[in-house]
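Inside the fold
Each chain is listed here by its residues.
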Amino acid sequence: MKSMNFAGIPWGDAETDGRTSLHLVERLAEACGSAESLDDVLRAVLPELLVETSATTGAFLTRQPEWQSLVAHRHFELKAAPLPLLEEAFDRESAVWERSATTKSIAVPVQLAEGFVVLLQGDRITERALPILAAFGRAAQLLLPAVHQRESLSLRLKRLRTILQAARVFAEEKETQPLLEKMAEEATKLHNCERASIFIWDRDQKLLVACPALGVSGGRLWLPDNKGIVGEVVKSAKTIRVDDAYEDSRFDQSVDKKSGYRTRNLLCVPMLDGSGQCLGAFELINKVGGAFSHEDEETLEDLCVQAAIAVLNARERDQLVRSNQQLTEQVAGGVAIIGDSPAIAALRGTIDRLAATDLPVLILGESGTGKEVAAHSLHYRGTRAEHPFVAVNCAALTETLLESELFGHEKGAFTDAQATHIGKFELAEGGTLFLDEIGDMSPGGQAKLLRVLEQKVITRVGGSVSIPINVRVIAATNANLAEKVREKLFRQDLYYRLSVVTVEIPALRDRPEDVLPLATYFLQRFCKQANRVRLDMSTEARRRLQGHGWPGNVRELRNLMERVAFLAAGPRIESEDLPFINAPEQCSLDDLSEGVGLMEASTRFQQEYIRRAIKRVQGNMSEAARLLGLHRSNLYRKMRQLDMPTDEPRT
């Protein structure tokens with residue numbers, strides 16, 4: 001290092017001063033060659049400067065815009081520094097000497113990209129220190145730019161690595177609000193500032209929504225998009241850097257006044273999407289230890305590219321989640337279990353308890369009672385509601401077709417397999433698979449289904465890869481499965497696997513008190529679809545509904561109300577507007593005369609007929625008598641003749 005030639009450096013008038021200056025310059029050159037940053041260089045040479053100039057304290061100071069210490073001696077106090085002397089040295093770009101009653105001070109400027117001043121203080125400093133410091137200042141001006149450039153490159157690489165790490169963090173977050181908070185947190189660490197806010201631009205409402213907004217109640221802040229520095233950034237799509245916020249006329253001080261916080265400086269960068277459209281702005285506030293630099297500006301612009309991508313992805317995810325939630329709510333609203341009977345109230349309670357579990361459920365009931373509605377309710381009230389509900393009618397599929405439909409098949413697995421087919425189990429992943437009419441499944445299909453339920457893996461037809469499944473299975477049938485098991489028509493082990501919990505839905509004729517609530521529900525729903533006002537039902541129409549046997553159960557009632565809603569001529573439904581369809585079925589009284597004489601059969605028929613009439617009108621004896629064409633007293637008399645219990649005392 002001693003062979004280096006520092007031409008033009010004033011070494012001083014005396015030989016001693018020249019040797020001192022040369023020593024300091026050599027020490028500076030050594031530090032520049034080994035140190036990683038400008039601060040490290042200054043820390044290395046400050047003690048040498050103090051010794052060679054007989055100073056007791058000193059510091060390297062920079063103005064950004066207020067005076068800040070870069071490196072200082074442990075006894076140095078910034079509040080006691082001669083600020084006018086620093087300003088004079090900085091403005092005149094030359095060394096300045098000052099003698100006061102208490103101490104002596106020398107300030108020497110070093111002109112770099114971000115200049116600084118060497119300030120030394122002490123009682124023993126003499127004017128001979130001026131040429132020594134001048135030589136040091138000139139050498140620093142020659143040597144330090146390389147250190148500064150190396151430090152900038154190192155910092156740039158470090159920040160780029162941090163940006164990549166931040167991008168990975170952003171990609172992991174699925175929701176917009178936590179994502180914005182993480183972005184602000186990462187930006188604050190990266191740029192060594194006090195606060196960060198991300199403003200999302202709502203163009204329709206002409207608002208800027210800041211989130212997070214630290215120090216603001218609720219953590220959010222709404223601002224007009226034509227106000228303040230942020231407003232100018234989003235409108236112009238250009239970066240703005242402010243070193244003294246309160247001296248800039250564009251700065252809106254109202255937020256500071258509300259929060260009690262004081263903004264010294266700020267950096268605001270637009271967030272642009274791939275097409276150059278502005279999504280909002282990223283704002284940093286109060287750089288620690290100075291003002292924001294050009295490097296900070298470039299780094300934040302790079303970070304904004306990643307932030308914009310993450311915000312767009314999070315927005316798309318939020319929209320999909322909201323759409324899915326809305327669809328789920330709509331579907332769940334359409335599977336209400338309607339009815340006031342004790343049986344239906346108990347059914348609703350059972351479904352609420354079962355919905356929170358993953359237990360297999362077997363739903364029993366006649367055709368049309370609402371078994372699929374109950375299955376939907378189990379799905380949409382449970383933890384799998386946001387996942388698919390897939391229904392399969394087992395009775396409509398042959399054994400070969402059933403295997404392909406449930407488990408899928410690979411391309412070329414059989415003659416017509418032109419492409420890979422995804423089975424119902426895979427489609428229902430995470431959700432519910434509803435196997436309707438399970439009692440009609442073929443024996444081969446039962447065996448394969450049992451294996452899947454036990455192993456929880458499937459293999460596509462023609463494939464060899466085992467695919468794990470996570471599906472809740474709900475089965476339904478109108479057949480007597482227990483009887484089928486006894487007759488060897490249904491596998492006993494599959495029956496036990498499916499019937500961990502059994503839910504039975506009663507026929508509509510056995511719960512006549514549910515007829516009118518169901519009719520009202522369906523009528524209101526279909527009137528809305530038909531774009532007509534809600535229809536009222538006459539008393540006679542209500543009686544006729546209650547008096548019908550409903551062989552088709554709830555499905556028959558639903559279809560009747562749909563026809564009435566679309567075809568009724570007037571605003572009121574009369575009894576003649578209810579065109580019941582007589583089902584080609586056996587009489588519901590089912591051969592009461594079998595094995596008994598005529599008198600006994602006649603008695604049984606009358607007893608059953610009266611019981612059903614009373615049940616249809618929910619125990620209203622006056623209504624039952626009217627349905628039977630009798631007076632109330634005659635009905636009681638007839639019931640006593642038939643040895644039927646009554647609530648009327650005998651006279």
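A brief look at the structure comes next. (Residues numbered from 1 in each chain as written. Predicted model: local features only at pLDDT ≥ 70, side-chain atom pairs only at ≥ 80, totals over all residues. Heavy atoms only, no water.)

This part is about the overall build of the protein. Looking only at helices and strands, the protein features 21 helices and 20 strands. Counting across all 651 residues of the protein, residues that qualify as buried make up 43%. For the protein, restricting intrachain contacts to residue pairs at least 6 apart in sequence, the fraction spanning at least 24 positions comes to 63%. Accessible area for the protein stands at about 33800 Å²; split by element, carbon and sulfur atoms hold 49% of it. (Helix = DSSP H or I, 4+ residues; strand = E, 2+ residues; numbered from the N terminus. Buried < 20%, exposed > 50% of the residue type's maximum accessible area, 1.4 Å probe, protein only. Contact = heavy atoms within 4.5 Å. Areas by Shrake-Rupley, 256 points an atom, 1.4 Å probe, with all protein chains shown as cover.)

Time to look at the nonpolar core. The tendency in soluble globular proteins is for nonpolar side chains to be buried as a group. Core analysis: the largest hydrophobic core is formed by 32 residues, its most contacted members being Leu28, Leu49, Phe60, Val118, Leu120 and Leu144. A per-element tally of this core places helix H4 (residues 129-172) first, with eight residues. The residues contacting Phe60, other than those within four sequence positions of it, are Leu42, Val45, Leu46, Leu49, Gln68, Ser69, Leu70, Val71, Phe116, Val117, Val118 and Phe136. In terms of nonpolar packing, the next biggest core, distinct from the first, is built from 30 residues, Cys394, Phe425, Phe490 and Leu498 among them. (Core = buried A, V, L, I, M, F, W, Y, C linked by side-chain atoms within 4.5 Å.)

Read from one edge of the open sheet, five strands run E2-E1-E5-E4-E3, paired in antiparallel fashion. With one partner strand each, in any of the chains shown, strand E2 (67-72) and strand E3 (96-99) form the two edges of the open sheet. Adjacent strand axes in the sheet meet at a mean angle of 25°, parallel and antiparallel pairs treated alike. Where strand E4 (residues 104-110) lies against strand E5 (residues 116-122), seven bridges are found, and the strand directions are antiparallel. (Pairing = 2+ DSSP bridges. Axes fitted to C-alpha atoms, helices over the stretch in contact; angles between N-to-C directions.)

Moving on, we get to the packing of aromatic side chains. A full pass over the atoms with the stated rule returns 10 aromatic pairs. When the centroid spacing of 6.5 Å and the interplanar angle of 35° are considered together, the rings of Phe60 and Phe136 count as tilted. One end of the pair, Phe60, is in strand E1 (residues 57-63); the other, Phe136, is in helix H4, and 76 residues separate them in sequence. Centroid distance Phe389 to Phe434: 6.1 Å. Interplanar angle 25°. Geometry classified as stacked. On the criterion of sequence distance, the pair formed by Phe389 in strand E13 (residues 389-393) and Phe434 in strand E14 (residues 432-436) is long-range, its members being 45 residues apart. Accessibility expressed as a relative area gives 1% for Phe434, which makes it buried. Grouping aromatic residues by their ring pairs yields a cluster made of Phe60, Phe116 and Phe136. Taking NZ or CZ as reference, Arg203 lies 3.9 Å from the ring centre of Trp201, over its face. Looking at Arg262, its charged tip hangs above the ring of Tyr246, at a distance of 3.9 Å from the centre. (Phe/Tyr/Trp six-rings, centres within 6.5 Å; stacked < 30°, edge-to-face > 60°. Lys NZ or Arg CZ within 6 Å of the ring centre and 35° of its normal.)

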